[in-house]
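Next come the chains, spelled out residue by residue.
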Amino acid sequence: MAKLSMEELGREDIAIFKEKEKIPVVAILDNVRSALNVGSVFRTADAFAIESISLCGITATPPNREITKTAIGATESVAWTYFEDTLLAIEAYRTKGYKVYAIEQTDDSYSLLNINFTKQKIAVVFGNEVDGVSDEVLKKVDGCIEIPQFGTKHSLNVSVCAGIVLWELTKNRSV
């Protein structure tokens, strides 16, 4: 067994990647505090060829040294926008025909195990590392999705959460 070289992996260059069709999934970051987490979401968005990321509120935006550290170039390949308020991002995507879901544990959440959004345009809101998705945002989304957990902790790091959810939303789609 040997690792594949970059040439053997056959990855597209950034210009080609930016022009190709993307999976109609958008990640909305609701006041994410850590720029390192933001960079990690960029890298995941690139890996799964999702449409874009929206950075909201206090969420750091490129160029930023900590984002660059974990994104490893994905800020150049992934489309992104900034919104002063997450509610503005939700409204913008809803007017473009997206269903908007928060990733949050609520008394009415859908389990990630039981969702099938392969035919819809989806925007998913990931919340702040301490407070989660804001209450104001929860009132405006079409529903909530939660990741089943079986240990003693009640949450995952936001970038880990994004990786799991974005994979689930893209694994049965192709570009």
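Structure: see above.
Residues numbered from 1 in each chain as written. Predicted model: local features only at pLDDT ≥ 70, side-chain atom pairs only at ≥ 80, totals over all residues. Heavy atoms only, no water.

A few words now on the nonpolar core. Leu29, Phe42, Ile53, Val124, Phe126, Val165 and Leu169 are the most contacted members of the largest nonpolar core, which has 34 residues in total. Mapped by element, the contributors of at least two residues to this core are β1 (23-30), α3 (35-47), β2 (50-56), α4 (65-71), β4 (99-103), β6 (122-126) and α8 (158-170). With 6 residues, the top contributor of residues to this core is α8. Listed in part, the 16 residues of the second largest apolar core include Tyr93, Tyr98, Val100 and Ala123. (Core = buried A, V, L, I, M, F, W, Y, C linked by side-chain atoms within 4.5 Å. Buried < 20%, exposed > 50% of the residue type's maximum accessible area, 1.4 Å probe, protein only. Helix = DSSP H or I, 4+ residues; strand = E, 2+ residues; numbered from the N terminus.)

Attention now goes to the pairing of β6. Buried residues dominate β6, accounting for 5 of its 5 residues. By the alternation rule, side chains of β6 split into Ile122, Val124 and Phe126 and Ala123 and Val125, which are all buried. Note that β1 and β6 share 5 bridges and pair parallel. The partner of alanine 27 across the bridge, within β6, is valine 124. Where β4 lies against β6, 4 bridges are found, and the strand directions are parallel. Counted as the bridge partner of valine 100 is alanine 123 from β6. (Pairing = 2+ DSSP bridges.)

Below, the discussion takes up a negative patch on the surface. Residues Glu84, Asp85, Asp135 and Glu136 make up a contiguous surface patch of negative charge. Mapped onto the secondary structure, aspartate 85 falls in the loop between β3 (79-83) and α6 (86-95). (Patch = residues over 30% accessible without salt bridge, like charges linked within 9 Å, V, L, I, M, F, W, Y side chains within 5 Å. Areas by Shrake-Rupley, 256 points an atom, 1.4 Å probe, with all protein chains shown as cover. Salt bridge = Lys/Arg side-chain N within 4 Å of Asp/Glu carboxyl O. Lys, Arg positive; Asp, Glu negative; His and termini not counted. Charge placed at Lys NZ, Arg CZ, Asp CG, Glu CD.)

So, about the side chain of threonine 59. Tracing the sequence through the fold places threonine 59 in the loop between β2 and α4. Among the residues examined, threonine 59 registers a relative accessible area of 4% and is labelled buried. In this structure the side chain of threonine 59 is engaged in a polar contact, spanning 3.4 Å, whose partner is the backbone oxygen of leucine 29. Of the polar contacts made by the side chain of threonine 59, one reaches the backbone nitrogen of valine 32; its length is 2.9 Å. (Polar contact = N/O pair within 3.5 Å; in protein donor to acceptor, adjacent residues only side chain to side chain.)

With that out of the way, let us pick up the packing of aromatic side chains. Scanning the entire structure with this criterion turns up 4 aromatic pairs. Seen in terms of ring centroids, tyrosine 93 and tyrosine 98 are 5.3 Å apart; in terms of plane orientation they differ by 80°. Their pairing is edge-to-face. On the accessibility criterion, tyrosine 98 (5% relative accessible area) is buried. Feature note: the residues Tyr101, Tyr110 and Phe117 constitute an aromatic cluster, connected by ring pairs. Against the face of phenylalanine 17 rests lysine 22, its NZ or CZ located 4.6 Å from the ring centre. (Phe/Tyr/Trp six-rings, centres within 6.5 Å; stacked < 30°, edge-to-face > 60°. Lys NZ or Arg CZ within 6 Å of the ring centre and 35° of its normal.)

Below, the discussion takes up α6. Every buried residue of α6 is listed here: Thr86, Ala89, Ile90 and Tyr93. The buried side chains of α6 occupy one side of the element, clustering within an arc of 100° when seen end-on. Set apart from the buried face of α6 by more than 90 degrees, the exposed residues are Leu88 and Thr95. Along its buried surface, α6 packs onto β1, β2, β3, β4, β6 and α7 (135-138). The residue sitting at the N-terminus of α6 and contributing the capping side-chain oxygen is aspartate 85; that oxygen lies 2.7 Å from the backbone nitrogen of leucine 87. (Arc of directions from axis to C-beta. Contact = heavy atoms within 4.5 Å.)

Another point: unusual backbone geometry. With an omega of -5°, the peptide bond between proline 62 and proline 63 qualifies as cis. Looking at where proline 63 falls in the secondary structure, it is placed in the loop between β2 and α4. Phi at asparagine 31 is positive, roughly 55°, even though this residue is not glycine. Inspection of the secondary structure assignment puts asparagine 31 in the loop between β1 and α3. Take asparagine 31: its relative accessible area is 26%, and that puts it in the partly exposed class. If you check the backbone angles, alanine 49 has positive phi at about 55° while not being a glycine.

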